[in-house]
Each structure stands twice: as C-alpha cells, then as structure tokens.
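What the coordinates show
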Amino acid sequence: MPPNNMPDTTTRCCVVGGGPAGMMLGFLLARAGIDVVVLEKHTDFLRDFRGDTVHPSTMQVMHELGILDAFLTRPHSEIRTIGVRIGDTFLQVADFSHLPTKAKFIAFIPQWDFLDFLTEQANRFPTFRLMMRTEATDLIREGDQMIGVRARGPDGMLDIHAQLMIACDGRHSTLRDAAGFGVVEIGAPMDVLWLRLSKHATDPAQTLGRIDAGRVFIMLDRNDYWQCAFVIPKGGIDEVHARGLDAFRAEIVRLASFLQDRVHELTNWDDVKLLTVAVNRLNTWFRPGLLCIGDAAHAMSPVGGVGINLAIQDAVATANILVPRLTRGQVTLDDLRAVQRRRAWPTRMTQRLQVAVQNRIISNVLRSNATPTPPFAARLLGRFALLRRLPARIIGMGFRPEHIRH
Ligand SMILES: Cc1cc2nc3c(=O)[nH]c(=O)nc-3n(C[C@H](O)[C@H](O)[C@H](O)COP(=O)(O)OP(=O)(O)OC[C@H]3O[C@@H](n4cnc5c(N)ncnc54)[C@H](O)[C@@H]3O)c2cc1C
C-alpha cells in the first residue's frame, strides 16, 4: 500500500515520461486498444531546453497514422536544406528534397506543441490516460519481476500496477536507476549554452550553423525569435562566466553581426541556460516487466538534432513488436529483447557518427584560435548537390526507419 493510502491504479502498460518517446508510445498503444497510463512529472510540456525538430521519418509515421495533415496545420517552419558557415565560407551540406518520404523537409515546431498534438491525438482513444504532475519515484517488485511503479502525484503517493513498465523518462531516468541498469558512458567534449534573441523581419534567411575560430553557434528559427545554441568546451562554463556577460555578447555579435542590436536582451546569466551534453547507452534495455527506450536507453548528442527522431522510432518499433503480445498474452523477456535487437543497431550507428563529428570537428574547432576552413568532405558536399542527399537521408530518416505495422 502506498504511504498515504492513495487508491491504486491498475493498467496493462505504464509508460513513465511524457516526452517524444512516451507520448508516441502511449498514443500507439491506446490506438491498438491497449490500456495505457502515461506519467509525466511536470504540469505541462512548456520547457525551453527541448529540441524542436520533427524529421521526415517522424512525419512519415504520422502520415501512416493519418495525422500528418492535421500536424502540419500547426504553426511551424520548414527547412529543405541545411547550410553551415565555416570560417568565411558558406556551404550547403544536406538536401532533404529528394527523400522517399511524404514530407521532404525538417519541420521546426516547439516541442511542447508537438507533444500537445500527440496528447490530443491519444486522447481520442478511451484506453489512454495521461497523468500530469505525477512523478515515478520507484519500481514495485515481486521477486525479479517488476509489477508496478510508485509515484508522487498532486494528491500524494500512489502505486500503479501494470503488466509492463516502459521507461521513457529521459537521460536521467529514475526507473533505469531504480532497476540498477549499467550505463556505458561515451562522453562528449562539449556543453551547450541555450539562449533566445528576438527575430526581426530584416534578418537573413535561416543559417543553421556558424563555425568560427574556437566557436560553434547554432540558430534555430522559432518564427518570432531565434533559439540559439552556443557550444562551449565541456566544463567551460566557469571560464565563460569569468570573462563576463559583455564579452559573451561580443562573441555572439562576432558570429552573427546582425544580432548586435539585440544582444542586450541577455540581461544576466539567468537568460543563458547551461545544457550538459551526454552520450551514453545501456548494454541491456530490459528486465522482467520493464523496458527502457528513447534517451532512457541511449542519451543522444545534439549533433544532427536526431534524438527526438530516434525516440519516436523506438516507440514505433516497441509498439510494432509488443502490441500483439499486450493484446493477447504475456510479454516475455524474448519480446523485450526483440525490441532492443531492433533498435540497438541504429542507436549505435547514430552515436558513432555523432562521436566522430564531436571528436574530429567540434573538439578541434573549440580548441583552436584560427579561422577554420571547411574540411574536404564538407567541400565535396558544398560542390556536388547529389552528395547532399546522403547526409539528408541519415539525418532525416535515420539508419533504420520504422513503419506503422498495426
Ligand atoms: C542541448 C540539446 C539540444 C537538443 N536538440 C535536439 C534537437 O534539436 N532535435 C532533436 O531531435 N533532439 C535534440 N536533442 C536530443 C533530444 O532532446 C532527446 O534525444 C529527446 O528529447 C529524447 O526523447 P525522450 O522522450 O526519450 O526523453 P525526454 O525528451 O527527455 O522526455 C522525458 C520525459 O520524462 C519526464 N520525466 C522524467 N523523469 C520522470 C519521472 N520520474 N516520472 C515522470 N516523468 C518523468 C520528463 O519531464 C520528460 O517530459 C537535444 C539534446 C540536447 C542536450
């Protein structure tokens, strides 16, 4: 019995975490008629640090579900190519317009809007239940078997019993810690400072990346403001603070001079949030009665902005494999192993590529005071339009795109 005798809840599947992985999975299970409860510890989805990209393969999934048109009526911006300024040279490096998908672009939409949309779709099904302000604090066990989740809700503690728990609670997953999973830390040489600056009608068209002496700066178009990521060496925040806010503003202007008239919007360090970058993965994604997916199974680097997409693909594969089991009988360890087997390879390949970019490009740039020149591969991409289809495919669709099976 939970500590303050709150009524228990029983469900077929308890999904912990209402991020991209959890909300998509909740939706897919409810759509298949499976009783599912999704727990989300926050009151709403409004958090600034969330990534904003919805990739072609995610939109393909939505197309297969018949909800893409509705999704695209929400305010969003579309990018069909990715450009990067390296030193003084501007290069196009990816072109999505030839992908074999319905949507041949990346949609930029604040993640809270995307999650609201998934919630709205999931709410159409009576077997879906989202419990906001409800934080999982521990697993409930019977021998080796996980049989439920203990959670803190708005009215106190409660127990949720389920045949299967799915941890979608992100890179600091409570469930994965509670189950004692070993995490393989791959590491990242950088952290990110996250800030916003207003956008003016006269601003240049969107350039995604600016790489200059010792600096990497990303600007994401959020219609009425720029969401900016200023990449610093890992653990370098004290040094940035020591140089002072004026020096930081000047660095931004050096990278994007048109921001000169508004860097004063950064009035103190509270306007600049530190996001610690982690890259890691679990060796084993499951225990009896418990499966981890999304960042809970593998924290992704922001390189390529593919974490949301991978989380969604994990959710689709999980539903494809587990829906028949959850509908008809017990979920076995072999079923959970099948999910890991399906998704571990694209995860490893994506992380390998991210780590290569981190170590070969980003680290070198952050260490150097010289104006960088584009590496050979980037020059080739800039020169030959056909080659730009390859990065577009890897970023836009991933190594193993999933499709709706049920
Ligand atoms: C700086 C930075 C920028 C990034 N930019 C991008 C980008 O542009 N595009 C992109 O695709 N990816 C980006 N990523 C990666 C991306 O954010 C993640 O890979 C993706 O959000 C993972 O989705 P998820 O559903 O697995 O986990 P999350 O998005 O982390 O969602 C987990 C959810 O679980 C909830 N939760 C946590 N603990 C509990 C608990 N105990 N009980 C209940 N609820 C809980 C959280 O509140 C959260 O809502 C970025 C990452 C970083 C660090």
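As a reminder, the structure under discussion sits directly above these lines.
Rules used throughout
- Residues numbered from 1 in each chain as written.
- Predicted model: local features only at pLDDT ≥ 70, side-chain atom pairs only at ≥ 80, totals over all residues.
- Heavy atoms only, no water.
- Buried < 20%, exposed > 50% of the residue type's maximum accessible area, 1.4 Å probe, protein only.
- Helix = DSSP H or I, 4+ residues; strand = E, 2+ residues; numbered from the N terminus.
- Pairing = 2+ DSSP bridges.
- Near = heavy atom within 4 Å.
- Polar contact = N/O pair within 3.5 Å; in protein donor to acceptor, adjacent residues only side chain to side chain.
- Areas by Shrake-Rupley, 256 points an atom, 1.4 Å probe, with all protein chains shown as cover.
- Nonpolar A, V, L, I, M, F, W, Y, C, P; charged D, E, K, R; others polar.
- Axes fitted to C-alpha atoms, helices over the stretch in contact; angles between N-to-C directions.
- Contact = heavy atoms within 4.5 Å.
- Salt bridge = Lys/Arg side-chain N within 4 Å of Asp/Glu carboxyl O.

Brief notes about the pairing of strand 16 (residues 225–233)
Most of strand 16 is tucked away: eight of the nine residues are buried. As judged from the nine bridges shared by strand 13 (residues 190–198) and strand 16, these two strands associate in the antiparallel manner. Residue pairing for strand 16: valine 192 is matched across the bridge by valine 231. Two strands pair when backbone bridges link them, and strand 15 (residues 215–221) and strand 16 are joined in this way by six bridges, in the antiparallel orientation. Its bridge partner lying in strand 16, valine 216 is registered against valine 231. Count of turn residues in the strand 15/strand 16 antiparallel hairpin: three residues, of which asparagine 223 carries a positive phi of about 65°.

Some details on the site of the ligand
Around the ligand sit 32 residues, and of these Glu40, Arg50, Thr53, Asp295 and Gly305 come closest. Contacts to the ligand include lysine 41, whose backbone N or O atom sits 3.2 Å from a nitrogen atom. One of the backbone N or O atoms of alanine 136 is found 3.0 Å from a nitrogen atom in the ligand. In isolation the ligand has 1000 Å² of accessible area, and contact with the protein removes 91% of it. Of all the secondary structure elements, the ones that give two or more residues to the shell around the ligand are helix 1 (20–31), strand 9 (135–142) and helix 8 (307–328). For the shell around the ligand, the element with the most residues is helix 8, which contributes three residues. Class assignment of the residues belonging to the shell around the ligand gives a composition of eleven nonpolar, twelve polar and nine charged.

What to know about the sheet that holds strand 16
The strands making up a sheet are joined through hydrogen bonds of the backbone, oriented either antiparallel or parallel. Spatial ordering of the open sheet is given by 6-5-14-15-16-13-17, a layout of seven strands whose pairing is mixed. Two strands in the sheet have a free side with no partner beyond their single neighbour: strand 6 (89–95) and strand 17 (273–276). Here the strands of the sheet are splayed against their neighbours by 25° on average, with no regard to which way each runs. Strand direction decides the pairing type here: strand 5 (residues 81–86) and strand 6, joined by six bridges, are antiparallel. Across the sheet, residue glycine 83 finds its bridge partner in strand 6, namely glutamine 92. Helix 11 (residues 389–397) contacts strand 5 and strand 6 of the sheet and is inclined by roughly 60° relative to strand 6.

Considerations on the pattern of salt bridges
Taken as a whole and assessed by the stated rule, the structure comprises 17 salt bridges. Measuring nitrogen to oxygen at the nearest pair gives 2.4 Å for the salt bridge that ties aspartate 246 to arginine 249. You can see aspartate 246 and its partner arginine 249 sitting in helix 7 (residues 245–255), three residues apart, about one turn around the helix. Residue classification places aspartate 246 among the exposed residues on the basis of a relative accessible area of 58%. A relative accessible area of 17% means that arginine 249 is categorised as buried. For arginine 337, the salt bridge goes to aspartate 334, with nearest N and O atoms at 2.6 Å. Pair noted here: arginine 337 and aspartate 334 are both in helix 9 (residues 333–367), with a separation of three residues, about one helical turn. Given the relative accessible area of 51%, aspartate 334 is considered exposed. One connected set of salt bridges, linked through shared partners, spans Asp314, Arg342, Arg343 and Glu402.

A word on the sheet that holds strand 4 (residues 77–79)
Ordered by their spatial adjacency, three strands build an open sheet running 3-7-4, and the pairing between neighbours is antiparallel. Single-partner strands in this sheet number two, and they are strand 3 (53–54) and strand 4. Inspection of the sheet shows strand 3 paired to strand 7 (residues 106–108) by two bridges, in the antiparallel sense. The partner of valine 54 across the bridge, within strand 7, is alanine 107.

Side note on helix 2 (residues 56–64)
With seven of nine residues buried, helix 2 lies mostly within the body of the structure. Along helix 2, the positions that sit buried rather than exposed are Pro56, Ser57, Thr58, Met59, Gln60, Val61 and Met62. Looking one or two residues past helix 2, glycine 66 carries a phi angle of roughly 75°, positive in sign.

Purely spatial values, then, with no claim about function.
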